[in-house]
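A look at the structure
The residues making up each chain are set out below.
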Amino acid sequence: MFNDRSTSLSAEEERFLDAAEYGNIPVVRKMLEECLSLNVNCVDYMGQNALQLAVANEHLEITELLLKKENLSRVGDALLLAISKGYVRIVEAILSHPAFAEGKRLATSPSQSELQQDDFYAYDEDGTRFSHDVTPIILAAHCQEYEIVYTLLRKGARIERPHDYFCKCSECNQKQKHDSFSHSRSRINAYKGLASPAYLSLSSEDPVMTALELSNELAVLANIEKEFKFVAHPNCQQQLLSIWYENLSGLRQQTMAVKFLVVLGVAVGLPFLALIYWFAPCSKMGKIMRGPFMKFVAHAASFTIFLGLLVMNAADRFEGTKLLPNETSTDNAKQLFRMKTSCFSWMEMLIISWVIGMIWAECKEIWTEGPKEYLFELWNMLDFGMLAIFAASFIARFMAFWHASKAQRIIDANDTLKDLTKVTLGDNVKYYNLARIKWDPSDPQIISEGLYAIAVVLSFSRIAYILPANESFGPLQISLGRTVKDIFKFMVIFIMVFVAFMIGMFNLYSYYIGAKQNEAFTTVEESFKTLFWAIFGLSEVKSVVINYNHKFIENIGYVLYGVYNVTMVIVLLNMLIAMINSSFQEIEDDADVEWKFARAKLWFSYFEEGRTLPVPFNLVPSPKSLFYLLLRLKKWISEMFQGHKKSFQEDAEMNKMFRSNFKKQTYISGVRSSEDFQLNSFNNPPRQYQKIMKRLIKRYVLQAQVDKESDEVNEGELKEIKQDISSLRYELLEEKTQNSEDLAELIRKLEEKLSMEPNQEESNR
């Protein structure tokens, strides 16, 4: 998965890198002096050169030897590595390098070094191992290295305060458009450095006042840049925010007042925006309408208007009705009272259009996601129930209107009819022109009104779906949802106990109808009502009292009723309250993470293509929809003739699965949206996808190494001793070799001297 650089290394370069890594000072010194063709910037399989290996293993002498070489690369990365590990002596040695002579490099981050197109910080082609916006002084402040911070401050290094969040300068605008995540991350890294105790204590004349000022500034920024509250992973949150404000990047940095005006403008101008999208879906405004944020605002505005219609539909009865239940009123003598009350008003017609639009939207969602995925989401079940009840209510109301219209036609055709109460329809159903209190209990209009009331309650409860978009209401909605789940789990025990006492009390008092002070427990219905309201303390003790002298039955009733109240009220209800408190506390402890997770789920529902227009504008097919429909029909017809329909669907499903999995991977890993990567098919993933997976694996390996080093923090001294012993070993070996060579030379000279003496004596003779 890494670059094949190690395969191109020569034996000489491999020996050089090994010597630098293990602290073999003699070999490094000898190779630097004698091997003129040696590439000191060669790298191993992980892309690390000799300087980085020496710094990582705290070999000061080798670092000093390497720093004397010209054209040495990765000096900046070696400095950051030494700072991160707290190697003060190595930091001082690197700072003596000519590259830091003028002090300009101390204020240069890896991203700025990349713009200069040099390898001062480069780790490999994927970038440095440190954040691209971190300078040496910022990293030293993060690591709380007081000595290193002091050294850097003496050389003139400073942490620049980030610009204001709402800054509109050219530099901020360029960074925001180029890479908004890197821009936000650079700001948070700078603030971490500024708030570091090491930097505050050494750079500020009044650290306490500076700390208080930073605290206030960061408290304000925490409410603005919610993705960087140091709890949820910023990569995912930043990526989601970038997609959420697609085509509206400038709106993200605006104040809440500006965002509120935008939402209000969308709500007021929703019909005009819908017209623009109908006729020009590919225009600039059409692209903005397709953005997730605009879709959310449009749908929320549409639903708010729908709730307003429900309220306005009942506004004429806020101060009471003019017509009492026992009264009738008609506009003329021949008009049926039921004909007047069963007609649909214009407000109800608008509500019906909204309901039909929501039903159509749900049908499209079922078609897109499939029944299994649709039923898996509980909010969809709430929508289904709400719309089903609305539909049943309107159907019942229509039946009442149909019966009223039929009766009205009979009355209009019969001029001699005087007693309207004797009107009989052809299907033997009597239709009375009487007051409401005399209507049949199963009258369609009464059923319609009951169902409509339930549907209105469910409609307002649907507001909870959009609450996760707000930081204040999101955790409350999550707590409410968790509470409902706890109640459902609790209902298993509750129903078991409740049914046991209900049947028992009914069996005890079913023979005493009319012989009690009230009718409690004499029927199953009365038993249910009495025991249910007893939970809330609204049932009386006299419910078990019998008018006759049957003390045994009465005492049994007292005992059972008392045990029921103790079990339900004292034990089970308090257990339920404890469960709710526990769930609420769990959410409260991780409120930020829970809220961001719920918000991400809400945002995902608006990321997919389609469903741009809100209700009821989605009922009118746009030219784009008709065009796509014709294309699909043409493709379907051609596939029918070619006989490849089945294989095409399989390929489409595989492609869809790959797109879905790849998009999830990009959200999790924090990389850019998958729309940048031109995905073609599942069997032939693009090169960009392979590159991303390569980076992910490399990131995992490097993070594993960092974690391993952090686990061995307590063994740092032992590791340092081992490295010193290793260096001493190589030095002793070198000294031994040198001594052996010197001894051999002395022996050779002595032998030569001894051999020359006999020859000289012979010559003297």
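Structural notes on the overall build of the chain
Within the chain, the secondary structure is distributed over 31 helices and 0 strands. By the burial criterion, 38% of the 765 residues in the chain qualify as buried. Accessible surface, the chain: about 45,200 Å² in total, of which carbon and sulfur atoms supply 60%.

Comments concerning helix H18 (residues 292-313)
Compared with the 32 Å implied by 1.5 Å per residue over 22 residues, the 32 Å span of H18 between its first and last C-alpha is a close match. The buried count for H18 comes to 16 of 22 residues, which makes it a mostly enclosed element.

What about the packing of aromatic side chains?
For the structure shown, the criterion picks out 26 aromatic pairs. For the ring pair Tyr165 and Phe166, a centre distance of 5.1 Å and an interplane angle of 85° mean the geometry is edge-to-face. When its relative accessible area of 10% is taken as the criterion, Tyr165 is described as buried. Seen from their ring centres, Trp533 and Phe536 are 6.0 Å apart, and the 55° between their planes marks the pair as tilted. Members of the aromatic cluster, each reached through a chain of ring pairs, are Phe490, Phe494, Phe498, Phe501, Phe528, Phe532, Trp533, Phe536 and Tyr564. Over the face of the ring belonging to Phe344 we find Arg397, whose NZ or CZ atom lies 5.2 Å from the ring centre.

Topic: the packing of H18 against helix H27 (residues 591-607)
Packing of H18 against H27 leaves a shortest axis separation of 9 Å and a crossing angle of 100°. The angle between the axes of H18 and H27 places the two elements in the roughly perpendicular class. For the pair formed by H18 and H27, the contact residues are Pro292, Lys295, Phe296 and His299 on the first element and Leu602, Tyr606 and Phe607 on the second. Taken together, the residues that form the contact of H18 with H27 break down as 5 nonpolar, 1 polar and 1 charged.

So, the nonpolar core
Counting 63 residues, the largest nonpolar core has Phe16, Leu66, Ile94, Ile137 and Leu152 as its most contacted members. Ranked by the residues each element gives to this core, the list is headed by helix H5 (residues 75-85), at 7 residues. Look past the residues within four positions of Ile94 in its chain and what remains in contact with it is Val55, Thr63, Leu67, Val75, Ala78, Leu79, Ala82 and Phe100. Formed by 28 residues, the second largest nonpolar core is a distinct cluster that contains Val266, Phe293, Trp603 and Tyr606.

Side note on the pattern of salt bridges
As enumerated under the stated definition, the model contains 8 salt bridges in all. The partner of Glu217 in a salt bridge is Arg161, and the shortest N-O contact between them spans 2.8 Å. One end of the pair, Glu217, is in helix H13 (residues 207-224); the other, Arg161, is in the loop between helix H9 (146-154) and helix H10 (170-178), and 56 residues separate them in sequence. The partner of Asp383 in a salt bridge is Arg462, and the shortest N-O contact between them spans 2.1 Å. With Asp383 in helix H22 (residues 378-413) and Arg462 in the loop between helix H23 (444-461) and helix H24 (473-509), this pair connects stretches of sequence that are 79 residues apart.

Topic: a negative patch on the surface
Taken together, the side chains of Glu369, Glu373, Glu608 and Glu609 make up a negatively charged region of the molecular surface. Counting through the fold element by element, Glu608 comes out in the loop between H27 and helix H28 (623-642).

Considering a nonpolar patch on the surface
A cluster of nonpolar side chains, Phe260, Leu261, Leu264 and Val268, forms an exposed patch at the surface whose accessible area comes to about 440 Å². Structurally, the position occupied by Leu261 is in helix H15 (residues 256-268).

So, helix H20 (residues 346-369)
Compared with an ideal rise of 1.5 Å per residue, which puts 24 residues at 34 Å, H20 spans 35 Å between its outermost C-alpha atoms and is within 8% of the ideal. Of the positions making up H20, those classed as buried are Met347, Glu348, Ile351, Ile352, Trp354, Val355, Gly357, Met358, Ala361, Glu362 and Glu365. Residues of H20 that are buried sit in contact with H18, helix H21 (371-376), H22 and H23. Phi turns positive one or two residues past the end of H20, at Gly370, with a value near 95°.

Quick notes on the side chain of Thr63
Looking at where Thr63 falls in the secondary structure, it is placed in helix H4 (residues 60-67). In contact with Thr63, other than residues within four places in its own chain, are Leu51, Ala54, Val55, Ile90 and Ile94.

Here we look at the environment of Leu60
Along the polypeptide, Leu60 turns up in helix H4. For Leu60, a relative accessible area of 14% translates into the label buried. Between the C-alpha atoms of Leu60 and Val91, which are 31 residues apart in sequence, the distance is 9.6 Å.

Overview of the state of the cysteines
In total, this model carries 0 disulfides according to the counting rule given. Unpaired in this structure, Cys169 has its nearest cysteine sulfur neighbour in Cys167, at a distance of 3.3 Å. Of the residues examined, Cys169 reaches a relative accessible area of 24% and is grouped as partly exposed.

Regarding unusual backbone geometry
Excluding glycine, residues mostly carry a negative phi; peptide bonds, for their part, are mostly trans. The linkage connecting Val615 with the following residue, Pro616, adopts the cis geometry, with an omega of 0°. In this structure, Pro616 sits in the loop between H27 and H28. In this structure, Phe521 is a non-glycine residue whose phi angle is positive, near 70°. Inspection of the secondary structure assignment puts Phe521 in the loop between H24 and helix H25 (524-534). The exposure class assigned to Phe521 is buried, which follows from its relative accessible area of 0%.

Here we look at the environment of Phe521
On a C-alpha basis, the gap between Phe521 and Val544 in space is 8.1 Å, while along the polypeptide they are 23 residues apart. For Phe521, the residues in contact, after removing those within four places along its chain, are Met505, Phe506, Tyr509, Ser510, Glu526, Ser527, Thr530, Leu531, Ser543, Val544 and Tyr561.

Focus on the confidence of the model for the chain
The predicted model of the chain averages 78 in pLDDT, with 79% of residues at 70 or higher. The spread of mean pLDDT over the elements of the chain runs between helix H29 (residues 645-669), the lowest at 46, and helix H6 (residues 88-95), the highest at 92. Of the regions scoring below 50 in pLDDT, residues 657-684 engages in 47 contacts with residues more than four places distant in sequence or in other chains.

Quick word on the environment of Ile94
As for its placement among the helices and strands, Ile94 is situated in helix H6. For Ile94, a relative accessible area of 0% corresponds to the buried category. Once the C-alpha coordinates of Ile94 and Leu67 are considered, the two residues, 27 residues apart in sequence, prove to be 7.2 Å apart.

What counts as what
Residues numbered from 1 in each chain as written. Predicted model: local features only at pLDDT ≥ 70, side-chain atom pairs only at ≥ 80, totals over all residues. Heavy atoms only, no water. Helix = DSSP H or I, 4+ residues; strand = E, 2+ residues; numbered from the N terminus. Buried < 20%, exposed > 50% of the residue type's maximum accessible area, 1.4 Å probe, protein only. Areas by Shrake-Rupley, 256 points an atom, 1.4 Å probe, with all protein chains shown as cover. Expected span 1.5 Å × (residues − 1). Phe/Tyr/Trp six-rings, centres within 6.5 Å; stacked < 30°, edge-to-face > 60°. Lys NZ or Arg CZ within 6 Å of the ring centre and 35° of its normal. Axes fitted to C-alpha atoms, helices over the stretch in contact; angles between N-to-C directions. Parallel < 35°, antiparallel > 145°, perpendicular 65-115°, else oblique. Contact = heavy atoms within 4.5 Å. Nonpolar A, V, L, I, M, F, W, Y, C, P; charged D, E, K, R; others polar. Core = buried A, V, L, I, M, F, W, Y, C linked by side-chain atoms within 4.5 Å. Salt bridge = Lys/Arg side-chain N within 4 Å of Asp/Glu carboxyl O. Patch = residues over 30% accessible without salt bridge, like charges linked within 9 Å, V, L, I, M, F, W, Y side chains within 5 Å. Lys, Arg positive; Asp, Glu negative; His and termini not counted. Charge placed at Lys NZ, Arg CZ, Asp CG, Glu CD. Disulfide = S-S within 2.5 Å. pLDDT = per-residue confidence, 0-100.

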